[in-house]
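Coordinates in review
Each chain, written out:
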Amino acid sequence: MEKQPPVQPVSAQPLRGRVSLDPLLAFWEKTLVPECTHMRSMFGDLTQKLRHIPELQGPIKDIGILNKYQDIIRPLMSPVFPAASFNRDIMGALTPCTLEPFFVTPEFRRLFLDNDNFVKASLEKTNKAEIQKKLSKIYFLILERIYGFSCQRLESVDIKIVPDEKNGLARYFGVTADFQFVQITPLGSPKKLSKKDREDITNNLTNLDILAKHIDLAQFEFTGFAIVRALDVTESEVISALERDLIDQHAIFSSDGIKHMESRLQVLFQRPELAVGIAALQGDQVMIIKNDCSSNINCLFSNSQHVNLNEVEGSVWMQAARNNAVLRVPDLAQKPDLVPVEQQAVASGIRSMLLSPLSYQGKIIGILEVFTTTPNELGPIDAMLLQQVTPIFCVALKRGMDELDKHVQTIIKEKCTAVHPSVEWRFEQAAISHMERLRQGSTTSQMEPIIFKDVVPFFGQSDIRGSSLARNKGIQQDLTDQLSLALGIMETGSSLRPWPILKEYKHRIQTKIQEISEGVTSSDENSVFSLLNKEIAPIFKDLVGLGDDIARQIEAYTHSLDPVAGMIYNKRKDYEESVSKLNHVLSRFLEQEDSLIQTDFPHYFEKRQTDGVDYMMYIGAAMTQSQRLANFHVQDMTLWQLILACGLAWHTKKIQPQLKVPLDTCHLILVNHTPLSIRFRFDEKRFDVDGAYDVRQEIIKSRLDKALIKGSGERLTQPGRIAVVYSTPAEGREIRQHINFLMSIGKLDNDLEMLDIDDLPDVRGLKALRVGVNLKSMVSNNIIEMKTG
């Protein structure tokens, strides 16, 4: 792309322009007088006077002469400069090309002209873009009036910044030019444009080089005058600038950034002494950012003062947050019963305040405050102005808090891996405290202990009954099938060649088949794999040439092997797929049910999946941010466990026809309503019970899997039944009430057993209730919905 030559300033262009009253007189004669006949006599008087003043007729060589005839110019300009708003409007009549003012309103003169009636030097500075816009307007005028183009004008607004005379703060004015009273006259015959020329211009209306190629500005004369109007756009310009600034978080969370933002708001409110603060709410902490921040690190946490939320309780800041509306404090010093943080604010000179809550998706995340040291300085109009900029700060603060949250989550994942959502708040508190200690210079800070006291444990499991036996049967069948195929190859080989080694292999295979038929041990898989793959299979390549029969047997043997395992894996694969499918259904149902009950009372939940599923839950006031939990929730959770076990049994029944290996589940619930404490083990990255007494819960859990009914030798857990283990009579009574209720609605069979459990290692005196699940009634009545589809 070729580099465009620099555009010359307007004053350097070959433009011919002179002031003339003729376009204005034509407007009076052709438009104004016919529509407003009462002005006919006035127009007659003015034209009569103009006939006797030759220097005002036609192009005016010296615009200074206009000052002598204000008694004529003022009424002649009255349709353009209305008398009713003359002292308020910001307007001026300027020469057509050089844009020198010759008739202006008082406000225009005050804002834009110096004592010599020239445009202020600071305003005459124009950049390349402004020059291009002005040249484009001139070309567009020629195209429309001379060549009949119907092109859209660049109706852009030039922004001029003017310091306020009283406070020195910038004010923004949008300046527009009106060329209604500018006439364009070609000097000779205007250049004719071909069809190709017109297409070239149409396709390149904003390309000044292309326009200059077709139109020579020196061939046209501009007479008349341009009207310039200005409007105070300080408010909209500052708000737009704030939006641009706050796209970059640096605009709030660094020393330079907050000072720059404060200067923007000083211009918006036109108060040079205005100061700004932002308070971010993070858990039980308030992070306050003001212009005393000295760091240029882009960080909400590092560049703020931290106070506890309790310290601002009862203050005007909390009042604004609770009302969720802009709060105006005329004079903080006059507020009765100042709390300590308010007393500190008054001591530092804060008097008049506006406080605007910052919210995101309906949640208060902080407070925006503007304040001055002068009482009653900020009024209701200022409060309305603050409302307009509040949404910008809401988004900016949310982005900053998201960045802080990412940093907190990084620490949590580093120290604790994944954390259950129900207790994430506590880990966030610990991470922020850790960050606070690092911020204050500690080099040895570690995450503080995370302990939840007085929580009630809930344990349950749905175990696949006979899973080990089913797996062993699968192993036994696969090994026998593979050995039998190898035996057939050895027998065929022996019949073809009387090699002693083939007879020995035949004997070893037969011996191994006999051993496996009596039961599979943990070493059988390895011994068979070693025999077949390391000793026998290597000689197949030498046996293939003995004949077609043995070649076919070897090929059938090879095709029967699993390509990954290198062994026959049919029955074991069927078993593993069946266990996986059943586990998936049970696990998904368990997760879905827990997610539903989490909405009623949040609790810690962890699930483990092996041959079946088991889960561990803890519930207590300490695990909620509100530190409150109704007592009945413990009973509700126990009843929920029984309903959950019914659903797990029903899902087992539902999936059984799809399993290649018959599997069934036994369901166990451990009830222990004695509160205990749990501690997060940072080394193991998991929760565990805390204290020697509380370890009893873990011991019981580990022993229950093999529990037997006292005096019978029968396993406590049985397929299709729910066993509930407990320790105290009160727990037993509560469970019976729940079971009776579930019997009455058809979820459980009416076959309740009250059982004693054989003593387990280090555990004595446990009792159990066992009851069957009414699967037929549940299916017909749709009591437990299918939620795994």
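So, here's what we can say about the structure.

Cut-offs applied
Counting restarts for each chain: residues are numbered from 1 in the order of the written sequence. With pLDDT at 70 or above as the cut-off, local features in this predicted model cover only qualifying residues; side-chain atom pairs require 80 or more to be listed or tallied, and sums for whole chains, interfaces and linings still use all residues. Excluded from the side-chain calculations are hydrogens and water; all other atoms, namely the structure's heavy atoms, are used. Only runs of H or I of at least four residues qualify as helices and only runs of E of at least two qualify as strands under DSSP, and these elements are numbered from the N terminus. The buried label goes to any residue with under 20% of its type's maximum accessible area, the exposed label to any with over 50%, and the partly exposed label to all in between, with areas taken from a 1.4 Å probe on protein chains only. A positive count includes Lys and Arg, and a negative count includes Asp and Glu. His and the chain ends are not counted in either. In what follows, salt bridge is the name for a side-chain nitrogen of Lys or Arg lying within 4 Å of a carboxyl oxygen of Asp or Glu. Any pair of N or O atoms that falls within 3.5 Å is considered a polar contact. Within protein, one atom must be able to donate a hydrogen and the other to accept it, and sequence-neighbouring residues count only if both atoms are side-chain atoms. Contacts are assigned to residue pairs that have any heavy atoms within 4.5 Å of one another. The pairing criterion for strands is at least two bridges between them, as found by DSSP. To get an axis, a line is fitted to the C-alpha atoms, and for a helix only the part in contact is used. The angle between two axes follows their N-to-C directions and goes from 0 to 180 degrees. For classification purposes, angles smaller than 35 degrees are called roughly parallel, those larger than 145 roughly antiparallel, those between 65 and 115 roughly perpendicular, and all remaining angles oblique. Handedness of each helix crossing follows the sense of rotation of the near helix against the far helix: counterclockwise by less than a right angle gives left-handed, clockwise gives right-handed. We call a set of buried residues a nonpolar core when its members are Ala, Val, Leu, Ile, Met, Phe, Trp, Tyr or Cys and they connect through side-chain atoms within 4.5 Å of each other. Only rings of Phe, Tyr and Trp enter the pairing, Trp through its six-membered ring, and a pair is recorded when the two centres are within 6.5 Å. The plane angle decides the type: under 30 degrees is stacked, over 60 is edge-to-face, the rest tilted.

With that settled, the discussion passes to the side chain of Glu734. Inspection of the secondary structure assignment puts Glu734 in helix 24 (residues 729-744). For the buried Glu734, no salt bridge is present, and the opposite-charge side chain at shortest range is Arg733, 9.1 Å distant. Here His673 takes part through its side chain, which lies 3.3 Å from a polar atom of the side chain of Glu734. Setting aside residues no more than four positions away along its own chain, Glu734 makes contact with Gln635, Thr638 and His673.

The next point concerns the sheet that holds strand 4 (residues 101-104). Across the sheet, five strands lie side by side as 4-3-9-6-5; this open sheet has antiparallel pairing. Each end of this open sheet is capped by a strand with a single partner; those strands are strand 4 and strand 5 (158-163). Within this sheet the neighbouring strands show an average axis-to-axis angle of 30°, counted without direction. With five bridges connecting them, strand 3 (residues 90-94) and strand 9 (residues 226-232) associate as antiparallel partners. Residue pairing across strands places Leu94 opposite Ala226, the latter belonging to strand 9. Together, strand 5, strand 6 (170-178) and strand 9 form the strand contacts of helix 9 (residues 234-246), whose direction differs from that of strand 6 by roughly 110°.

What follows is about the packing of helix 17 (residues 500-517) against helix 18 (residues 524-536). Relative orientation of the contacting elements helix 17 and helix 18 amounts to 160°, with a least axis distance of 12 Å. The pairing of helix 17 with helix 18 is recorded here as roughly antiparallel in orientation. The interaxial crossing formed by helix 17 with helix 18 has left-handed handedness. Of the residues in helix 18, those in contact with Tyr505, Arg508, Ile509, Lys512 and Ile516 of helix 17 are Asp524, Ser527, Val528, Leu531, Glu535 and Ile536.

Core analysis: the largest hydrophobic core is formed by 35 residues, its most contacted members being Leu242, Leu265, Leu268, Phe269, Leu358, Val370 and Phe393. Among the secondary structure elements, those contributing two or more residues to this core are strand 6, helix 9, helix 11 (255-269), strand 10 (275-282), strand 11 (285-290), strand 14 (352-360), strand 15 (363-372) and helix 14 (380-416). In terms of residues, this core owes the most to one element, helix 14, which gives ten residues. Setting aside residues up to four positions removed in sequence, Val370 forms contacts with Leu265, Leu274, Ala275, Val276, Ser352, Met353, Leu354, Leu378 and Leu386. Among the nonpolar cores identified, the runner-up in size contains 31 residues, and Val19, Leu24, Ile72 and Val80 belong to it.

Let's shift gears to the pattern of salt bridges. Counted according to the given criterion, the structure contains 26 salt bridges. With a shortest N-O distance of 3.0 Å, Glu107 and Arg110 are connected by a salt bridge. On the criterion of helical spacing, the pair formed by Glu107 and Arg110 is a turn pair, its members being three residues apart in helix 4 (residues 106-112). Under the relative-accessibility criterion, Arg110 is labelled partly exposed at 31%. Asp614 is the salt-bridge partner of Arg608, the closest N and O atoms lying 2.8 Å from each other. On the basis of relative accessible area, Arg608 is assigned to the exposed category, the value being 52%.

The next point concerns helix 12 (residues 316-323). Within helix 12 the residues assigned to the buried category are Val316, Trp317, Met318, Ala320 and Ala321. Of the residues flanking the end of helix 12, it is Asn324, one or two places downstream, whose phi is positive at about 50°.

The next point concerns the packing of aromatic side chains. Here the structure, examined in full by the defined rule, presents ten aromatic pairs. Measuring from ring centre to ring centre gives 6.1 Å for Phe86 and Phe103, while their planes differ by 50°; the resulting arrangement is tilted. Within this pair, whereas Phe86 is found in the loop between helix 3 (70-76) and strand 3, its partner Phe103 is found in strand 4, the two being separated by 17 residues in sequence. Here the two residues Phe86 and Phe103 agree in accessibility, since each one is buried. Ring geometry for Phe181 versus Phe225: centroids 5.3 Å apart, planes at 20°, classification stacked. Highlighted residues: Phe181 in the loop between strand 6 and strand 7 (182-186) and Phe225 in the loop between strand 8 (220-224) and strand 9, separated in sequence by 44 residues.

Take the environment of Asn310 next. Looking at where Asn310 falls in the secondary structure, it is placed in the loop between strand 12 (305-308) and helix 12. Relative accessible area serves as the criterion here: at 63%, Asn310 is assigned to the exposed category. The spatial distance from the C-alpha of Asn310 to the C-alpha of Val286 is 9.4 Å, given a sequence separation of 24 residues.

Attention now goes to the pairing of strand 9. Looking along a regular strand, one sees the side chains alternate between the two faces of the sheet. Two strands pair when backbone bridges link them, and strand 6 and strand 9 are joined in this way by six bridges, in the antiparallel orientation. Within strand 9, the position partnered with Asp178 by the bridge is Ile227.

In short, shape yes, function no, at least from these values alone.
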